[in-house]
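Architecture and fold: a report
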Amino acid sequence: MSSPAGRRTDLGRALCVITGASRGFGRALAVEVSGLLKPGSALVVAARSAEDLRTLQADLAESEAGRAGLMVQRVAADLGEQQGVDSVVRACKEAFSEDIDHVILVNNAGSLGDVSRYIPSFTDMAEVNSYMSLNVISPLCLTASILQAFPQRPGLRRTVVNISSLCAVQPFPSWVLYCTGKAGRDMTFRVLAEEDPDLRVLNYAPGPLDTAMMRDAISTAADPTIKKTYGDMHAKGEILTCEASCTKLIKLLLEDTYKSGAHVDFYDI
Ligand code: NDP
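Computed from a predicted model, the values in this text were never measured in an experiment. (Residues numbered from 1 in each chain as written. Predicted model: local features only at pLDDT ≥ 70, side-chain atom pairs only at ≥ 80, totals over all residues. Heavy atoms only, no water.)

On to the side chain of asparagine 135, then. Residue placement: asparagine 135 occurs in helix 5 (residues 125-149). The class for asparagine 135 is buried, based on a relative accessible area of 3%. Within the local environment of asparagine 135, its side chain forms a polar contact with the backbone nitrogen of serine 111, the two atoms lying 2.9 Å apart. At a separation of 3.0 Å, a polar atom in the side chain of asparagine 135 contacts the main-chain carbonyl oxygen of tyrosine 131. (Helix = DSSP H or I, 4+ residues; strand = E, 2+ residues; numbered from the N terminus. Buried < 20%, exposed > 50% of the residue type's maximum accessible area, 1.4 Å probe, protein only. Polar contact = N/O pair within 3.5 Å; in protein donor to acceptor, adjacent residues only side chain to side chain.)

This is the structure in structure tokens:
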């Protein structure tokens, strides 16, 4: 549907997949997006916490979208494992119907990693592999599997969003896992945009958010400057709400004018 000015006012009859939807930004996005899905849409939400996903599903069922019949499918799985990714893909195939005109995948799930140490302490390949498995490999393999499951066809739009970070483009001392993961993840989606001009691909950096990840970052960061910067922002109330950042992401998705593969930061908009 479009407004008189020609701007979209909804995301279509969509299959929307949001990883890391049990809390924080992913949960807020699931709530906001559900109000923009046309009847007949399906929302697949994934994270490890089955309980938090159940609560989200119950909240959505009571919302306007829920009352209008939005199908919400929960997948409680560890996305750092192949079986976790496979179970999300299975749920998407089950939720898909021929009426769907838009597939939206939001790769949001992520972890901070240990920011209490500097590079010389990262000698254990298993530790680094495990971090990269969730934060770099799983979004790549999930995206690949979704694109394979729902190939291009006339009348089907496909949008892939990577929840990125300032850390994808700026080095933060003591955040080697996080910065390396976010930079690698951005590049995955830049390559995807180059490979397939029919896709809409967005790397969205949501700004500093008031979530468990931010609290963890402030309390554990080894680097005193980073710790102080975010600690001061928190004290001054300058950390963003997830809802404020979701609003900007949704504006980008509805306007749909960003360059595919671009890295767009909350503060750019
Ligand atoms: P939270 O830590 O609050 O939430 C992370 C989400 O990812 C949770 O739903 C968590 O669910 C899920 N998750 C974590 N590990 C796994 C796993 N192994 N398998 C499946 N799901 C998992 O983080 P935020 O909401 O703050 O972050 C969301 C995204 O935004 C992340 O990609 C983050 O890097 C990015 N970001 C955050 C910023 C911030 O200031 N907070 C700033 C810039 C970017 P569960 O534990 O139930 O599995």
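On to the site of the ligand, then. The ligand sits among 29 residues. The nearest are Arg23, Arg48, Asn108, Tyr178 and Thr211. Between the ligand and leucine 79 there is a distance of 2.9 Å, counted from a nitrogen atom to a backbone nitrogen or oxygen. For the ligand, whose accessible area on its own is 880 Å², the fraction buried by protein is 94%. Elements that contribute at least two residues to the shell around the ligand include exactly helix 1 (24-34), helix 6 (176-195) and helix 7 (212-220). It is helix 7 that contributes the most residues to the shell around the ligand, three residues altogether. Per-class residue counts for the shell around the ligand are 15 nonpolar, 10 polar and four charged. (Near = heavy atom within 4 Å. Areas by Shrake-Rupley, 256 points an atom, 1.4 Å probe, with all protein chains shown as cover. Nonpolar A, V, L, I, M, F, W, Y, C, P; charged D, E, K, R; others polar.)

Turning next to helix 6. The end-to-end C-alpha separation of helix 6 is 28 Å, in line with the 28 Å expected for 20 residues at 1.5 Å each. Every buried residue of helix 6 is listed here: Leu177, Tyr178, Cys179, Gly181, Lys182, Arg185, Asp186, Thr188, Phe189, Leu192 and Ala193. Considering only its buried residues, helix 6 is in contact with strand 4 (102-107), helix 5, strand 5 (157-163), strand 6 (200-205), helix 7 and strand 7 (262-265). (Expected span 1.5 Å × (residues − 1). Contact = heavy atoms within 4.5 Å.)

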